[in-house]
Amino acid sequence: MLTGKNRSYLRGEANSLDPIVHVGKDGITEAVIEQLDAALEDHELLKVRILESTGRTTRSAAEELATATGSDVVQVIGGIAVLFRQRDEDSNFKL
């Protein structure tokens, strides 16, 4: 679980990132979850673009993705969600 200080730090780190995973009109599928899981393993902190055509709010989609991948939602702004899952070893982030 992230503290407010951790979230603030991670928001700053995510500021320069571009979205890696896109959730389109098909919504949250197994393929999206697998892609997101692999991206979290590689990057730890990433942005996800959730299009309006999914028919869901960005917050609810981000929460579902976080639950499915064991990550934390750092921030949701517009159609962009920032997710974080720290690696057990060799983490780039010291929280």
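Just above sits the structure.
Residues numbered from 1 in each chain as written. Predicted model: local features only at pLDDT ≥ 70, side-chain atom pairs only at ≥ 80, totals over all residues. Heavy atoms only, no water.

**Q** Explanation requested: the pattern of salt bridges in the structure shown.
**A** Any two side chains of opposite charge can pair, on the condition that their charged atoms come close. Evaluated as defined, the whole model comprises 5 salt bridges. With a closest N to O distance of 2.5 Å, Arg85 and Asp37 form a salt bridge. Highlighted residues: Arg85 in the segment after strand 4 (80-84) and Asp37 in helix 2 (residues 30-43), separated in sequence by 48 residues. For Arg85, a relative accessible area of 16% puts it in the buried group. According to the relative accessible area criterion, Asp37 is partly exposed, its value standing at 33%. Arg59 is paired through a salt bridge with Glu63; the nearest N and O atoms lie 3.5 Å apart. A residue pair is termed a helical-turn pair when its members lie 3 or 4 positions apart in one helix, as Arg59 and Glu63 do in helix 3 (residues 58-69) at 4 residues. Its relative accessible area of 42% is what places Arg59 among the partly exposed residues. (Salt bridge = Lys/Arg side-chain N within 4 Å of Asp/Glu carboxyl O. Helix = DSSP H or I, 4+ residues; strand = E, 2+ residues; numbered from the N terminus. Buried < 20%, exposed > 50% of the residue type's maximum accessible area, 1.4 Å probe, protein only.)

**Q** Sorry if this is basic, but what is going on with helix 1 (residues 4-14) here?
**A** In an α-helix there are 3.6 residues to a turn, and that puts residues three or four apart on one side. Listed in full, the buried residues belonging to helix 1 are Asn6, Leu10 and Ala14. Buried residues of helix 1, seen end-on, are gathered within an arc of 65° and therefore sit on one face of the element. In helix 1, the exposed residues that point more than 90 degrees away from the buried face are Gly4, Lys5 and Gly12. Of the surrounding secondary structure, the elements contacted by the buried residues of helix 1 are strand 2 (45-50), strand 3 (72-77) and strand 4. (Arc of directions from axis to C-beta. Contact = heavy atoms within 4.5 Å.)

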